[in-house]
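Chain and residue survey
What follows is each chain in one-letter form.
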Amino acid sequence: MQIIQDSMTMNKLQLYISKSLREFKSVHSINASDDVQRHIRDVRRALESLDYDPAEKYLFYLISYIDGGAFFTILRTIPGRPLDHLATTIFVPAGLDIPREEMTDIVRRTTRMVSNPSVSAEDISDLHKLFAKEYAVDEDAPACEPSQGDDYACCLYGADTGHTLEDFYAGNLYRPGFSEYAGVLLVDASLGVSSVAPAPEADDEASEPDAEEDDAAEEEPTPVPSPRPQRREQRRIYRFELPVKSSELGAPIHFEIHTRREMTESPVEGYELLDDIKEGAARGNYLRYVGAAPRMSMRNAILCIVAALVVGCMLGWFLKGCSSRPAEADIIYDSIPEVVEKENSGVPQTQPQSEPETPKAATTVRPAGTVTAEAIKYLDNNTVWQRDRLEQLGLAGLFDDMNNYRLQRLVDIWGVKLKASERFGKVSHHAGQSIGKKIFRPQGTYCAAGDNSIAVQSYLNRIDPAKKK
(Lines give C-alpha, C1' and ligand atoms only; values in the text may rest on other atoms or scores of the structure.)
Protein backbone atom coordinates (compact mmCIF):
# COMPACT_ATOMS: atom_id res chain seq x y z
CA MET A 1 0.00 0.00 0.00
CA GLN A 2 2.90 2.35 0.72
CA ILE A 3 4.16 1.97 -2.86
CA ILE A 4 0.74 2.92 -4.19
CA GLN A 5 0.64 5.96 -1.93
CA ASP A 6 4.06 7.08 -3.08
CA SER A 7 3.16 6.76 -6.76
CA MET A 8 0.04 8.82 -6.18
CA THR A 9 1.83 11.58 -4.27
CA MET A 10 4.96 11.77 -6.43
CA ASN A 11 3.02 13.33 -9.33
CA LYS A 12 1.67 16.14 -7.14
CA LEU A 13 3.17 18.91 -5.14
CA GLN A 14 3.15 18.21 -1.41
CA LEU A 15 2.64 20.71 1.41
CA TYR A 16 3.76 20.52 5.06
CA ILE A 17 2.88 23.23 7.59
CA SER A 18 4.72 23.27 10.91
CA LYS A 19 5.19 25.73 13.74
CA SER A 20 8.20 26.40 15.96
CA LEU A 21 6.83 28.13 19.03
CA ARG A 22 9.06 27.10 21.94
CA GLU A 23 8.91 23.59 20.45
CA PHE A 24 8.50 22.13 16.97
CA LYS A 25 5.00 20.97 16.01
CA SER A 26 3.50 19.66 12.76
CA VAL A 27 0.24 21.49 12.01
CA HIS A 28 -1.11 20.23 8.65
CA SER A 29 -0.05 18.40 5.49
CA ILE A 30 -1.41 17.87 1.98
CA ASN A 31 -0.52 14.89 -0.26
CA ALA A 32 1.87 13.78 2.46
CA SER A 33 4.29 10.88 2.11
CA ASP A 34 6.00 9.26 5.08
CA ASP A 35 9.32 9.13 3.25
CA VAL A 36 9.16 12.89 2.75
CA GLN A 37 7.54 13.99 6.01
CA ARG A 38 10.26 12.45 8.14
CA HIS A 39 12.64 15.05 6.70
CA ILE A 40 10.50 18.00 7.89
CA ARG A 41 12.40 19.46 10.85
CA ASP A 42 12.72 22.59 12.92
CA VAL A 43 14.85 25.07 10.94
CA ARG A 44 15.33 27.79 13.54
CA ARG A 45 19.09 27.27 13.14
CA ALA A 46 18.74 28.73 9.66
CA LEU A 47 17.18 31.88 11.14
CA GLU A 48 20.09 32.16 13.60
CA SER A 49 22.31 33.12 10.67
CA LEU A 50 20.12 36.17 9.88
CA ASP A 51 20.35 39.45 11.77
CA TYR A 52 16.68 40.50 11.65
CA ASP A 53 14.50 42.48 14.05
CA PRO A 54 12.55 39.90 16.09
CA ALA A 55 9.88 42.50 16.88
CA GLU A 56 8.86 42.62 13.22
CA LYS A 57 7.30 40.04 10.89
CA TYR A 58 9.53 38.85 8.04
CA LEU A 59 9.18 36.42 5.16
CA PHE A 60 12.22 34.39 4.16
CA TYR A 61 12.57 31.33 1.91
CA LEU A 62 14.68 28.21 2.29
CA ILE A 63 15.77 25.63 -0.31
CA SER A 64 16.98 22.15 0.66
CA TYR A 65 17.06 18.69 -0.91
CA ILE A 66 16.51 15.00 -0.25
CA ASP A 67 16.97 12.04 -2.63
CA GLY A 68 13.40 12.27 -3.90
CA GLY A 69 13.17 15.98 -4.62
CA ALA A 70 13.47 19.58 -3.41
CA PHE A 71 11.97 21.51 -0.50
CA PHE A 72 10.93 25.12 -0.97
CA THR A 73 10.05 26.46 2.50
CA ILE A 74 8.26 29.73 3.28
CA LEU A 75 9.42 31.01 6.68
CA ARG A 76 7.21 33.57 8.44
CA THR A 77 8.74 34.90 11.64
CA ILE A 78 6.54 35.41 14.71
CA PRO A 79 6.95 38.99 16.05
CA GLY A 80 8.22 39.28 19.59
CA ARG A 81 9.55 35.72 19.69
CA PRO A 82 13.11 35.49 18.33
CA LEU A 83 13.65 32.46 16.04
CA ASP A 84 10.03 31.27 16.47
CA HIS A 85 8.30 30.90 13.12
CA LEU A 86 5.67 29.26 10.93
CA ALA A 87 7.21 27.05 8.24
CA THR A 88 5.22 26.14 5.12
CA THR A 89 7.18 23.67 3.00
CA ILE A 90 6.37 22.87 -0.63
CA PHE A 91 7.93 19.59 -1.75
CA VAL A 92 8.63 19.24 -5.48
CA PRO A 93 9.32 15.58 -6.39
CA ALA A 94 12.31 14.97 -8.65
CA GLY A 95 11.34 15.05 -12.32
CA LEU A 96 7.97 16.76 -11.68
CA ASP A 97 7.20 18.81 -14.78
CA ILE A 98 5.71 22.02 -13.35
CA PRO A 99 5.88 25.23 -15.42
CA ARG A 100 7.61 28.14 -13.75
CA GLU A 101 4.48 30.30 -14.10
CA GLU A 102 2.41 27.78 -12.17
CA MET A 103 4.94 27.47 -9.38
CA THR A 104 5.09 31.27 -9.18
CA ASP A 105 1.32 31.40 -8.69
CA ILE A 106 1.34 28.59 -6.12
CA VAL A 107 4.13 30.16 -4.06
CA ARG A 108 2.45 33.57 -4.22
CA ARG A 109 -0.97 32.29 -3.12
CA THR A 110 0.47 30.05 -0.43
CA THR A 111 2.63 32.88 0.92
CA ARG A 112 -0.37 35.21 1.06
CA MET A 113 -2.41 32.69 3.07
CA VAL A 114 0.26 31.84 5.63
CA SER A 115 1.23 35.50 6.06
CA ASN A 116 -1.98 36.09 8.01
CA PRO A 117 -1.83 35.92 11.83
CA SER A 118 -3.72 32.62 11.66
CA VAL A 119 -4.62 30.13 8.93
CA SER A 120 -8.39 29.53 8.79
CA ALA A 121 -10.27 26.38 7.80
CA GLU A 122 -11.24 28.16 4.59
CA ASP A 123 -7.57 28.84 3.84
CA ILE A 124 -6.76 25.15 4.36
CA SER A 125 -9.59 24.18 2.01
CA ASP A 126 -8.25 26.50 -0.67
CA LEU A 127 -4.77 25.01 -0.24
CA HIS A 128 -6.15 21.49 -0.78
CA LYS A 129 -7.69 22.63 -4.07
CA LEU A 130 -4.48 24.36 -5.08
CA PHE A 131 -2.37 21.22 -4.49
CA ALA A 132 -4.83 18.77 -6.09
CA LYS A 133 -3.40 19.07 -9.60
CA GLU A 134 -1.38 16.17 -11.06
CA TYR A 135 1.70 16.76 -13.22
CA ALA A 136 3.71 14.69 -15.64
CA VAL A 137 6.85 13.09 -14.20
CA ASP A 138 10.10 12.49 -16.07
CA GLU A 139 11.08 9.02 -14.85
CA ASP A 140 14.61 9.46 -16.21
CA ALA A 141 15.25 12.69 -14.33
CA PRO A 142 18.41 12.51 -12.19
CA ALA A 143 17.95 12.25 -8.43
CA CYS A 144 18.73 15.23 -6.26
CA GLU A 145 21.91 15.23 -4.25
CA PRO A 146 20.70 15.54 -0.61
CA SER A 147 21.63 18.62 1.40
CA GLN A 148 24.66 18.02 3.58
CA GLY A 149 26.23 19.37 6.74
CA ASP A 150 24.89 21.67 9.44
CA ASP A 151 25.73 25.07 7.96
CA TYR A 152 23.38 27.27 5.97
CA ALA A 153 24.14 29.61 3.08
CA CYS A 154 22.35 32.78 2.01
CA CYS A 155 21.41 34.32 -1.35
CA LEU A 156 19.94 37.74 -2.00
CA TYR A 157 17.29 38.53 -4.59
CA GLY A 158 15.42 41.67 -5.60
CA ALA A 159 16.59 45.30 -5.31
CA ASP A 160 19.73 45.76 -7.45
CA THR A 161 20.88 42.12 -7.36
CA GLY A 162 19.56 41.46 -10.87
CA HIS A 163 17.65 38.38 -9.68
CA THR A 164 14.09 37.61 -8.66
CA LEU A 165 12.57 34.92 -6.49
CA GLU A 166 11.19 33.29 -9.65
CA ASP A 167 14.77 32.52 -10.74
CA PHE A 168 14.72 29.67 -8.22
CA TYR A 169 11.46 28.04 -9.33
CA ALA A 170 10.70 24.91 -11.36
CA GLY A 171 13.73 23.71 -13.34
CA ASN A 172 16.07 26.07 -11.48
CA LEU A 173 14.98 24.89 -8.04
CA TYR A 174 17.62 22.16 -7.91
CA ARG A 175 21.17 23.53 -8.01
CA PRO A 176 23.95 21.02 -7.27
CA GLY A 177 26.05 23.67 -5.55
CA PHE A 178 23.32 24.19 -2.96
CA SER A 179 23.65 20.58 -1.80
CA GLU A 180 26.87 21.39 0.03
CA TYR A 181 24.82 23.11 2.73
CA ALA A 182 22.01 22.13 5.10
CA GLY A 183 19.94 24.65 3.15
CA VAL A 184 20.15 27.97 1.32
CA LEU A 185 18.17 30.97 2.57
CA LEU A 186 16.69 33.37 0.04
CA VAL A 187 16.44 36.91 1.41
CA ASP A 188 14.90 39.99 -0.23
CA ALA A 189 17.77 42.49 -0.47
CA SER A 190 15.39 45.41 0.08
CA LEU A 191 14.75 44.25 3.67
CA GLY A 192 18.24 45.28 4.75
CA VAL A 193 18.70 42.03 6.68
CA SER A 194 22.34 41.03 7.05
CA SER A 195 23.65 37.50 7.39
CA VAL A 196 26.71 35.73 8.69
CA ALA A 197 26.03 32.80 6.35
CA PRO A 198 28.27 32.39 3.30
CA ALA A 199 27.11 32.63 -0.29
CA PRO A 200 27.05 29.35 -2.23
CA GLU A 201 29.25 29.18 -5.27
CA ALA A 202 27.61 29.40 -8.69
CA ASP A 203 26.78 26.09 -10.35
CA ASP A 204 28.61 25.04 -13.48
CA GLU A 205 25.42 23.74 -15.00
CA ALA A 206 21.70 24.25 -14.59
CA SER A 207 19.50 21.36 -13.60
CA GLU A 208 17.07 22.01 -16.43
CA PRO A 209 17.58 24.29 -19.48
CA ASP A 210 14.74 26.42 -20.81
CA ALA A 211 12.71 25.19 -23.82
CA GLU A 212 14.53 27.00 -26.63
CA GLU A 213 18.17 27.44 -25.76
CA ASP A 214 21.27 27.01 -27.88
CA ASP A 215 24.73 25.76 -27.02
CA ALA A 216 25.76 29.17 -25.72
CA ALA A 217 22.85 29.21 -23.30
CA GLU A 218 23.86 25.81 -21.97
CA GLU A 219 27.28 27.21 -21.20
CA GLU A 220 25.79 30.21 -19.37
CA PRO A 221 23.41 28.94 -16.67
CA THR A 222 21.40 31.24 -14.45
CA PRO A 223 23.97 32.51 -11.93
CA VAL A 224 23.39 32.21 -8.22
CA PRO A 225 22.80 35.60 -6.56
CA SER A 226 25.19 36.38 -3.77
CA PRO A 227 24.55 38.06 -0.43
CA ARG A 228 27.62 40.19 -0.83
CA PRO A 229 25.76 43.28 -2.17
CA GLN A 230 24.56 43.90 1.36
CA ARG A 231 28.18 43.95 2.52
CA ARG A 232 29.38 46.56 0.05
CA GLU A 233 27.87 49.46 1.97
CA GLN A 234 29.64 48.32 5.13
CA ARG A 235 26.94 49.98 7.20
CA ARG A 236 26.58 49.01 10.83
CA ILE A 237 23.22 48.93 12.56
CA TYR A 238 22.84 49.73 16.25
CA ARG A 239 19.47 49.53 18.04
CA PHE A 240 18.86 51.43 21.28
CA GLU A 241 16.11 51.57 23.90
CA LEU A 242 15.60 54.79 25.82
CA PRO A 243 13.39 54.57 28.96
CA VAL A 244 10.53 57.02 29.48
CA LYS A 245 9.69 58.71 32.75
CA SER A 246 6.49 56.72 33.20
CA SER A 247 4.74 53.94 31.32
CA GLU A 248 1.68 56.21 31.21
CA LEU A 249 3.61 58.23 28.64
CA GLY A 250 3.96 55.17 26.41
CA ALA A 251 6.44 52.39 25.74
CA PRO A 252 10.22 52.93 25.86
CA ILE A 253 11.65 54.73 22.85
CA HIS A 254 13.41 52.53 20.29
CA PHE A 255 15.67 53.96 17.62
CA GLU A 256 18.37 52.80 15.21
CA ILE A 257 21.61 54.33 14.05
CA HIS A 258 23.03 53.28 10.67
CA THR A 259 26.68 54.21 10.33
CA ARG A 260 29.89 53.11 8.67
CA ARG A 261 31.79 53.77 11.89
CA GLU A 262 32.00 51.46 14.87
CA MET A 263 30.20 52.79 17.93
CA THR A 264 31.68 52.27 21.39
CA GLU A 265 29.50 54.44 23.65
CA SER A 266 26.00 55.83 24.13
CA PRO A 267 24.87 58.22 21.38
CA VAL A 268 22.55 60.13 23.76
CA GLU A 269 23.90 62.88 26.01
CA GLY A 270 23.34 62.08 29.69
CA TYR A 271 22.77 58.35 29.17
CA GLU A 272 25.14 55.41 29.38
CA LEU A 273 24.98 51.79 28.20
CA LEU A 274 23.99 49.06 30.64
CA ASP A 275 26.25 46.59 28.83
CA ASP A 276 28.86 46.43 26.08
CA ILE A 277 27.48 47.87 22.87
CA LYS A 278 26.14 45.30 20.41
CA GLU A 279 25.86 45.64 16.65
CA GLY A 280 22.94 44.24 14.64
CA ALA A 281 19.26 44.90 13.93
CA ALA A 282 18.22 42.04 16.21
CA ARG A 283 20.34 43.14 19.18
CA GLY A 284 19.22 45.80 21.62
CA ASN A 285 21.34 48.26 23.58
CA TYR A 286 19.73 49.58 26.76
CA LEU A 287 20.44 53.05 28.10
CA ARG A 288 20.11 54.53 31.58
CA TYR A 289 20.17 58.14 32.71
CA VAL A 290 23.31 59.29 34.53
CA GLY A 291 23.15 63.06 34.14
CA ALA A 292 25.56 65.22 32.21
CA ALA A 293 28.22 63.28 30.31
CA PRO A 294 31.82 63.81 31.47
CA ARG A 295 33.12 64.71 28.00
CA MET A 296 33.94 68.39 27.61
CA SER A 297 32.68 69.91 24.40
CA MET A 298 32.09 73.67 23.91
CA ARG A 299 28.42 73.25 24.76
CA ASN A 300 29.24 71.19 27.83
CA ALA A 301 31.77 73.77 28.94
CA ILE A 302 29.14 76.51 28.80
CA LEU A 303 26.69 74.37 30.75
CA CYS A 304 29.34 73.64 33.37
CA ILE A 305 30.06 77.36 33.78
CA VAL A 306 26.37 78.10 34.31
CA ALA A 307 26.11 75.21 36.77
CA ALA A 308 29.18 76.47 38.62
CA LEU A 309 27.59 79.90 39.02
CA VAL A 310 24.48 78.33 40.45
CA VAL A 311 26.52 76.21 42.84
CA GLY A 312 28.48 79.28 43.91
CA CYS A 313 25.30 81.17 44.72
CA MET A 314 24.04 78.27 46.80
CA LEU A 315 27.36 77.51 48.51
CA GLY A 316 26.60 79.72 51.52
CA TRP A 317 23.31 77.90 52.05
CA PHE A 318 25.12 74.59 52.02
CA LEU A 319 27.72 75.74 54.54
CA LYS A 320 25.11 77.03 56.95
CA GLY A 321 22.45 74.41 57.07
CA CYS A 322 23.16 71.39 54.87
CA SER A 323 25.41 69.24 57.03
CA SER A 324 24.08 66.00 55.53
CA ARG A 325 23.94 66.80 51.84
CA PRO A 326 24.20 63.77 49.50
CA ALA A 327 27.38 62.93 47.66
CA GLU A 328 27.62 64.58 44.24
CA ALA A 329 28.20 61.21 42.57
CA ASP A 330 24.85 60.00 43.95
CA ILE A 331 23.03 62.99 42.53
CA ILE A 332 24.48 62.53 39.06
CA TYR A 333 23.87 58.78 39.00
CA ASP A 334 20.27 58.76 40.20
CA SER A 335 17.62 59.02 37.50
CA ILE A 336 14.45 59.11 39.57
CA PRO A 337 11.42 60.62 37.82
CA GLU A 338 10.70 62.98 40.76
CA VAL A 339 14.04 64.80 40.59
CA VAL A 340 15.25 64.21 37.04
CA GLU A 341 14.36 67.75 35.92
CA LYS A 342 16.66 69.27 38.55
CA GLU A 343 19.57 66.85 38.54
CA ASN A 344 21.67 68.53 35.86
CA SER A 345 22.27 71.52 38.12
CA GLY A 346 24.06 69.29 40.63
CA VAL A 347 22.04 70.85 43.47
CA PRO A 348 20.13 68.56 45.84
CA GLN A 349 16.47 69.46 46.35
CA THR A 350 15.32 70.73 49.71
CA GLN A 351 11.81 69.37 49.10
CA PRO A 352 10.68 66.36 47.00
CA GLN A 353 8.45 67.65 44.21
CA SER A 354 5.91 64.90 44.76
CA GLU A 355 5.48 65.85 48.46
CA PRO A 356 5.59 69.67 48.69
CA GLU A 357 4.10 69.61 52.21
CA THR A 358 7.27 68.00 53.65
CA PRO A 359 9.41 70.82 55.12
CA LYS A 360 12.60 68.75 55.66
CA ALA A 361 15.58 68.97 53.34
CA ALA A 362 16.24 65.75 51.44
CA THR A 363 19.29 63.95 52.78
CA THR A 364 19.34 61.29 50.05
CA VAL A 365 18.11 61.10 46.48
CA ARG A 366 15.28 58.52 46.37
CA PRO A 367 12.46 57.44 44.07
CA ALA A 368 9.82 58.63 46.51
CA GLY A 369 9.34 59.38 50.24
CA THR A 370 10.07 57.23 53.26
CA VAL A 371 9.04 53.60 52.93
CA THR A 372 6.35 52.69 55.42
CA ALA A 373 5.99 49.43 57.32
CA GLU A 374 2.67 49.00 55.52
CA ALA A 375 4.47 49.10 52.15
CA ILE A 376 7.01 46.48 53.24
CA LYS A 377 4.18 44.30 54.57
CA TYR A 378 2.33 44.56 51.25
CA LEU A 379 5.44 43.51 49.27
CA ASP A 380 6.17 40.52 51.51
CA ASN A 381 2.58 39.28 51.89
CA ASN A 382 1.53 39.40 48.24
CA THR A 383 2.84 37.37 45.31
CA VAL A 384 1.20 39.73 42.78
CA TRP A 385 1.87 43.47 43.01
CA GLN A 386 -0.70 45.97 41.68
CA ARG A 387 0.35 49.32 40.23
CA ASP A 388 -2.32 51.40 42.01
CA ARG A 389 -1.59 49.77 45.39
CA LEU A 390 2.14 50.39 45.04
CA GLU A 391 1.50 54.04 44.28
CA GLN A 392 -0.92 54.35 47.22
CA LEU A 393 1.83 53.03 49.48
CA GLY A 394 4.32 55.65 48.27
CA LEU A 395 6.20 53.39 45.86
CA ALA A 396 5.47 55.38 42.70
CA GLY A 397 7.86 54.43 39.91
CA LEU A 398 8.59 50.90 41.14
CA PHE A 399 5.97 49.33 38.88
CA ASP A 400 7.27 51.21 35.82
CA ASP A 401 10.89 50.24 36.52
CA MET A 402 9.93 46.56 36.86
CA ASN A 403 7.58 46.61 33.87
CA ASN A 404 10.26 48.17 31.62
CA TYR A 405 13.03 45.87 32.90
CA ARG A 406 15.17 48.67 34.31
CA LEU A 407 17.26 46.13 36.16
CA GLN A 408 20.04 48.48 37.17
CA ARG A 409 17.54 50.73 38.95
CA LEU A 410 16.02 47.74 40.71
CA VAL A 411 19.46 46.96 42.13
CA ASP A 412 20.98 50.38 42.78
CA ILE A 413 17.93 52.36 43.85
CA TRP A 414 15.02 50.17 44.85
CA GLY A 415 17.27 47.47 46.28
CA VAL A 416 18.56 49.98 48.84
CA LYS A 417 15.23 51.66 49.43
CA LEU A 418 13.35 48.38 49.98
CA LYS A 419 16.08 46.43 51.75
CA ALA A 420 13.63 45.67 54.59
CA SER A 421 11.47 43.59 52.22
CA GLU A 422 12.48 39.95 51.93
CA ARG A 423 10.45 39.40 48.76
CA PHE A 424 11.79 42.47 46.98
CA GLY A 425 15.26 41.43 48.09
CA LYS A 426 14.85 38.44 45.77
CA VAL A 427 13.84 40.75 42.92
CA SER A 428 16.90 42.94 43.48
CA HIS A 429 19.16 39.89 43.82
CA HIS A 430 18.02 38.23 40.61
CA ALA A 431 18.07 41.55 38.74
CA GLY A 432 21.76 41.82 39.68
CA GLN A 433 22.33 38.20 38.68
CA SER A 434 20.65 38.83 35.33
CA ILE A 435 22.86 41.84 34.63
CA GLY A 436 25.97 39.85 35.48
CA LYS A 437 25.06 36.75 33.46
CA LYS A 438 24.08 38.79 30.37
CA ILE A 439 21.60 36.08 29.36
CA PHE A 440 18.35 38.03 29.58
CA ARG A 441 17.76 40.46 26.73
CA PRO A 442 14.75 42.71 27.54
CA GLN A 443 12.15 43.01 24.79
CA GLY A 444 9.28 45.46 25.27
CA THR A 445 7.53 45.36 28.65
CA TYR A 446 6.59 42.60 31.10
CA CYS A 447 2.88 43.54 31.18
CA ALA A 448 0.61 43.48 28.16
CA ALA A 449 -1.36 46.62 27.30
CA GLY A 450 -3.95 47.32 29.97
CA ASP A 451 -2.38 44.96 32.52
CA ASN A 452 -1.33 46.65 35.76
CA SER A 453 -0.15 43.71 37.83
CA ILE A 454 3.17 41.87 38.17
CA ALA A 455 3.38 38.26 39.39
CA VAL A 456 6.66 38.22 41.30
CA GLN A 457 7.72 34.61 40.65
CA SER A 458 6.88 34.89 36.95
CA TYR A 459 8.90 38.11 36.81
CA LEU A 460 11.91 36.40 38.42
CA ASN A 461 11.68 33.55 35.91
CA ARG A 462 11.63 36.11 33.10
CA ILE A 463 14.60 38.25 34.14
CA ASP A 464 16.81 35.45 35.44
CA PRO A 465 15.95 32.29 33.47
CA ALA A 466 19.16 30.55 34.58
CA LYS A 467 18.51 31.01 38.31
CA LYS A 468 18.84 27.93 40.49
CA LYS A 469 15.72 28.66 42.57
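Residues numbered from 1 in each chain as written. Predicted model: local features only at pLDDT ≥ 70, side-chain atom pairs only at ≥ 80, totals over all residues. Heavy atoms only, no water.

**What about helix 4 (residues 100–114)?**
Just so we agree on the cut-off: A run of H or I in DSSP counts as a helix once it spans at least four residues, and a run of E counts as a strand once it spans at least two, with each numbered from the N terminus. Working rule for helices: expected span equals 1.5 Å times residues minus one. To sort residues, take the accessible area from a 1.4 Å probe on protein chains only and compare it with the maximum for the residue type: under 20% means buried, over 50% means exposed, and anything in between is partly exposed. This arc is taken over the directions from the axis of the helix to the C-beta atoms. Contact criterion: two residues are considered in contact whenever any of their non-hydrogen atoms come within 4.5 Å of each other.
For helix 4, built from 15 residues, the straight-helix expectation of 21 Å at 1.5 Å per residue is met to within 8% by its first-to-last C-alpha distance of 21 Å. Residues Met-103, Ile-106, Val-107, Thr-110, Thr-111, Met-113 and Val-114 constitute the buried set of helix 4. Along the axis of helix 4, the buried residues cluster in a sector spanning 160°; they form a single face. Residues of helix 4 that are buried sit in contact with strand 1 (14–21), strand 4 (59–66), strand 5 (69–77), strand 6 (85–93) and helix 5 (121–130).

**A closer look at the nonpolar core**
Applicable threshold: Here, the term nonpolar core denotes a set of buried Ala, Val, Leu, Ile, Met, Phe, Trp, Tyr and Cys residues that are joined through side-chain atoms within 4.5 Å.
Membership of the largest hydrophobic core comes to 39 residues, with the highest contact counts inside it found for Leu-13, Phe-72, Phe-131 and Leu-186. When residues of this core are traced back to their parent elements, those giving at least two are strand 1, strand 4, strand 5, strand 6, helix 4, helix 5, strand 7 (152–157) and strand 8 (183–188). Counting residues in each nonpolar core, the second largest holds 27 residues, with Ala-375, Ile-376, Phe-424 and Ala-431 among its members.

**Quick look at the pairing of strand 5**
Convention followed: Being paired, for any two strands, means DSSP has found at least two bridges between them.
Most of strand 5 is tucked away, with 9 of its 9 residues classed as buried. Two strands pair when backbone bridges link them, and strand 4 and strand 5 are joined in this way by 8 bridges, in the antiparallel orientation. Within strand 5, the residue paired with Ser-64 across the bridge is Phe-71. Taken together, strand 4 and the strand that follows it, strand 5, pair antiparallel across an intervening segment of 2 residues. As paired strands, strand 5 and strand 6 are joined by 9 bridges and run antiparallel to one another. By the bridge assignment for strand 6, Thr-77 is matched with His-85.

**Observations concerning the pairing of strand 8**
Among the 6 residues that make up strand 8, 5 are buried, leaving the element largely enclosed by the rest of the structure. The sheet contact formed by strand 4 and strand 8 spans 3 bridges and is antiparallel. Bridged to Tyr-61 within strand 8 is Leu-186. Direction of pairing for strand 7 relative to strand 8: parallel, over a ladder of 6 bridges. Looking at the pairing, Cys-155 lines up with Leu-186 of strand 8.

**Section: the sheet that holds strand 7**
Filter applied, for reference: Simply put, an axis is a line fit to the C-alpha atoms, just over the touching stretch for a helix, and the angle between two N-to-C directions goes from 0 to 180 degrees.
Taken in spatial order, the 7 strands make up an open sheet running 2-1-6-5-4-8-7, and their pairing is mixed. Strands with a single pairing partner mark the edges of an open sheet, and in this sheet they are strand 2 (23–30) and strand 7. Strand-to-strand twist in this sheet, taken as the mean axis angle between neighbours without regard to direction, amounts to 25°. Against the sheet, helix 5 contacts strand 1 and strand 2, and its axis sits at roughly 55° relative to strand 2.

**What to know about a negative patch on the surface**
Just so we agree on the cut-off: A patch consists of residues exposed above 30% relative accessible area that lack any salt bridge, with like charges linked at up to 9 Å and nonpolar side chains (Val, Leu, Ile, Met, Phe, Trp, Tyr) linked at up to 5 Å. Using a 1.4 Å probe, accessible areas were evaluated by the Shrake-Rupley method; residue-level cover was limited to the displayed protein chains. Throughout this description, the term salt bridge denotes a Lys or Arg side-chain nitrogen within 4 Å of a carboxyl oxygen of Asp or Glu. Two residue types count as positive, namely Lys and Arg, and two as negative, namely Asp and Glu; His and chain ends fall outside the count. To locate a charge, take NZ of a lysine, CZ of an arginine, CG of an aspartate or CD of a glutamate.
Side chains of Asp-97, Asp-138, Glu-139 and Asp-140 sit close together on the surface and give a patch of like negative charge. In this structure, Asp-97 sits in the loop between strand 6 and helix 4.

**Considering the packing of aromatic side chains**
For clarity, the cut-off: Stacked, tilted and edge-to-face are the three classes applied to pairs of Phe, Tyr and Trp rings, where Trp contributes its six-membered ring and a pair requires centres within 6.5 Å; stacked means planes under 30 degrees apart, edge-to-face means over 60, and tilted covers the rest.
Going through the model one piece at a time under the given rule, you end up with 13 aromatic pairs. With 5.6 Å between their ring centres and 10° between their planes, Tyr-58 and Phe-60 make a pair best called stacked. You'll find Tyr-58 and Phe-60 in the same group, each marked buried. Here Tyr-446 and Tyr-459 contribute two aromatic rings whose centre-to-centre distance is 5.4 Å and whose plane-to-plane angle is 70°, an arrangement assigned as edge-to-face. You can see Tyr-446 sitting in the loop between helix 14 (422–437) and strand 15 (453–455) and its partner Tyr-459 sitting in helix 15 (residues 456–463), a full 13 residues away along the chain.

**Let's talk about the packing of helix 14 against helix 15**
Helix packing for two helices is described by the angle between their axes and how far apart those axes are. The following threshold applies: Put simply, angles under 35 degrees are roughly parallel, angles over 145 are roughly antiparallel, angles from 65 to 115 are roughly perpendicular, and the rest are oblique. Crossing handedness follows the turn of the near helix against the far one: under a right angle anticlockwise gives a left-handed crossing, and clockwise gives a right-handed one. Residues are grouped as follows: Ala, Val, Leu, Ile, Met, Phe, Trp, Tyr, Cys and Pro are nonpolar; Asp, Glu, Lys and Arg are charged; all remaining types, including Gly, are polar.
Closest axis-to-axis distance for the helix 14/helix 15 pair is 9 Å, and the angle between their directions is 10°. Comparing their axes, helix 15 and helix 14 come out roughly parallel. Handedness of the helix 14/helix 15 crossing: left-handed. Contacts between helix 14 and helix 15 involve Arg-423, Lys-426, Val-427, His-430, Ala-431 and Ser-434 from the first element and Val-456, Tyr-459, Leu-460 and Ile-463 from the second. Of the residues in the contact of helix 14 with helix 15, the class split is 6 nonpolar, 2 polar and 2 charged.

**A few points about the side chain of Arg-76**
On the secondary structure map, Arg-76 appears in strand 5. Here Arg-76 is in contact with Lys-57, Tyr-58, Leu-59, His-85, Leu-86, Val-114, Ser-115, Asn-116 and Pro-117, once residues within four sequence places are set aside.

**Here we look at the confidence of the model for the protein**
Short version of the rule: Confidence scores labelled pLDDT are given residue by residue by the predictor and lie between 0 and 100.
Summing up the model confidence of the protein, the mean pLDDT is 77 and the portion of residues at 70 or higher is 74%. Averaged pLDDT values for the elements of the protein fall to 33 in helix 9 (residues 328–333) and rise to 95 in strand 4. In this model, residues 1–5 is a region of pLDDT below 50 whose contacts with residues beyond four sequence positions or in other chains number 3 contacts. In the model, residues 322–368 has pLDDT below 50 throughout and makes 74 contacts with residues more than four positions away in sequence or in other chains.

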